Every structure is written in structure tokens, then in C-alpha cells.
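Overview (structure and organization)
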Amino acid sequence: MPAALDHLVLAVPHLEDAVLDLARRTGVQPVAGGAHPGRGTRNALVGMTWQGRRRCYLELLAPDPDQPPVAPEETMLGLGTLGADFVPRLHAWAVQPQDLDAALAAAEAAGVDAGHPVAASRELPDGTRLAWRLAVPRPLGHGGVQPFLIAWDGPHPTDASMPTLELVELAVDHPDPEAVARDLAALGVRVEVHRGPEPRLHAVLDSPEGRIELGECCRGR
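Quick look at the structure, then. (Residues numbered from 1 in each chain as written. Predicted model: local features only at pLDDT ≥ 70, side-chain atom pairs only at ≥ 80, totals over all residues. Heavy atoms only, no water.)

1. Focus on the overall build of the protein
Keep this limit in mind: The way it works is that DSSP assigns letters per residue, a run of H or I at least four long becomes a helix, a run of E at least two long becomes a strand, and they are numbered from the N terminus. Note on method: radius of gyration uses C-alpha positions; expected globular size equals 2.2 Å times residues raised to 0.38. Relative accessibility thresholds used throughout: buried, under 20% of the residue-type maximum; exposed, over 50%; partly exposed, between the two (1.4 Å probe, protein chains only). In this description, contact between two residues means that some pair of their heavy atoms is separated by no more than 4.5 Å. For every accessible area listed, the method is Shrake-Rupley and the probe measures 1.4 Å; residues are considered covered only by the protein chains on display. Asp and Glu count as negative and Lys and Arg as positive, but His and the ends of the chain are not part of the count. Charge positions come from single atoms, namely NZ of Lys, CZ of Arg, CG of Asp or CD of Glu.
Each helix and strand counted, the protein has 4 helices and 12 strands in total. Against the 2.2 N^0.38 benchmark of 17 Å for 221 residues, the protein shows a C-alpha radius of gyration of 16 Å, consistent with a compact globule. The principal-axis extent of the C-alpha atoms belonging to the protein is close to 45 × 35 × 35 Å. Residues counted as buried form 52% of the 221 residues belonging to the protein. Residue pairs at least 24 apart in sequence account for 66% of intrachain contacts in the protein once pairs closer than 6 positions are excluded. For the protein, the accessible area works out to roughly 10,400 Å², and carbon and sulfur atoms hold 50% of it. Charge centroids of the protein, computed over 19 positive and 30 negative side chains, lie 2 Å from each other.

2. A look at the environment of Arg-190
As for its placement among the helices and strands, Arg-190 is situated in the loop between α4 (177-186) and β10 (192-195). According to the relative accessible area criterion, Arg-190 is exposed, its value standing at 69%.

3. Side note on unusual backbone geometry
Residues apart from glycine generally show negative phi values, whereas peptide bonds are mostly found in trans. The linkage connecting Arg-138 with the following residue, Pro-139, adopts the cis geometry, with an omega of -5°. Along the chain, Pro-139 falls in the loop between β7 (129-135) and α3 (141-144). The phi dihedral of Asp-85 is positive, around 50°, even though this residue is not glycine. When its relative accessible area of 57% is taken as the criterion, Asp-85 is described as exposed. Unusually for a residue other than glycine, His-142 sits at a positive phi of about 55°. When you line up the elements, His-142 lands in helix α3. Taking the relative accessible area as the measure of exposure, His-142 reaches 23% and is therefore partly exposed.

In C-alpha cells form, the structure reads like this:
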């Protein structure tokens with residue numbers, strides 16, 4: 001079975017500004033997610049539909065000023081390595097295989113570094129605890145366009161009520177599209193891969209206010 005899209009990660013330097021900007025551009029208000037204790041980050045979420053599937057979402061991931069300093073490489077998805085006041089960017093994406101351990105074994109057999117499973121969790125504002133395992137190679141393969149793998153232990157973020165946008169385009173650009181497509185296939189990932197001058201994730205959302213390209217929004221006021 002192919003791995004399903006779980007979420008896209010839009011890295012932003014200031015969460016409140018990013019939430020306001022996304023709401024202005026789309027007419028949809030992101031909901032508070034929560035903090036990642038010990039990882040130096042927090043987030044806000046918007047549900048997404050993709051190819052008829054609703055169990056996926058957009059994550060606005062930002063530094064958490066209320067947490068003690070964390071080494072840049074130890075922050076969630078290495079967000080701290082982007083520095084201060086970076087330009088918002090589509091930073092990463094996650095897919096959910098049918099069986100995380102089996103997917104990692106298949107990737108290793110195919111010579112693809114998919115990382116090792118690590119447990120993580122956070123608490124929603126209503127007290128619900130979300131727990132998951134994720135495998136994130138360091139660095140993410142192919143200049144960051146290789147997705148990381150995730151498996152949820154219990155509730156999924158989209159099980160809670162949240163506004164939803166439609167993801168209408170998702171693709172990868174890379175100077176060596178054949179190599180990327182081969183490794184994505186080993187991970188069970190099906191997405192368009194195009195030749196481009198540099199590694200790049202490309203995603204477009206449809207909203208009540210029109211279409212927006214992720215990475216071109218949430219730049220603050």
C-alpha cells in the first residue's frame with residue numbers, strides 16, 4: 001500500500017504573525033496546536049483535503065519563546081538551523097506508511113536512508129495528548145525534498161474539529177528527478193517529480209480567498 005500524505009510543514013519565524021497572514025490570505029483561521037516540549041517549537045494547524053483524503057493537515061511550525069534554549073540541531077525538524085527571522089518556507093513533509101517499521105526495513109533494503117524511529121508527543125490546548133513515532137534522516141534526503149515517515153499512536157490531529165483547505169497541487173522539483181523518484185518509490189510515496197534547478201517542494205492550496213502557493217505566505221505584517 002502506498003504511504004499516505006500526513007502533513008506539510010511550513011516553517012515560520014513568528015507563529016502569531018504567520019497565523020494572521022494565513023487567515024488573511026485564505027479566509028481560514030488556523031487553530032492552536034501546542035508545544036513540543038524539549039524541542040523548542042510550537043505550532044498551529046489547518047486541516048487539508050488531498051485527493052479525496054481528509055486525514056492530513058498543514059502545520060505552521062515556529063520557535064517557542066516560552067521554552068528554554070535548545071541546540072539548533074535538536075529542535076523539531078531542525079527548525080533552529082534556519083536562524084532567526086528566516087523567510088517562511090515549505091520546510092518538510094510527512095507521509096504515513098501502513099507499517100512504519102516495515103517501511104523503514106524496505107527503505108534500508110533499497111539503500112534509502114529514512115532515519116530511525118523516535119517517539120514524540122505534545123498536548124493540545126484542551127488537554128488531549130497526541131503521541132507519535134517519526135523517522136527523520138539527518139539531513140533530509142535530496143536537499144530536503146524527501147519526506148519523513150510518521151506513525152500515530154492514538155488520536156490524529158485532524159480528529160479534532162478544525163477548518164480545512166484543499167490541497168490542489170503537490171510536487172517536487174530537483175536537478176536529478178530520476179534519483180528522487182526512485183527513492184520516493186522505495187518509501188511508497190507517489191507524487192510528481194520534476195526537473196528543476198534546485199531541490200524544492202511545491203504546494204498550492206485552494207481557499208475561499210483564492211489559491212495560494214505555500215512559501216509565498218505567512219511573511220508577517
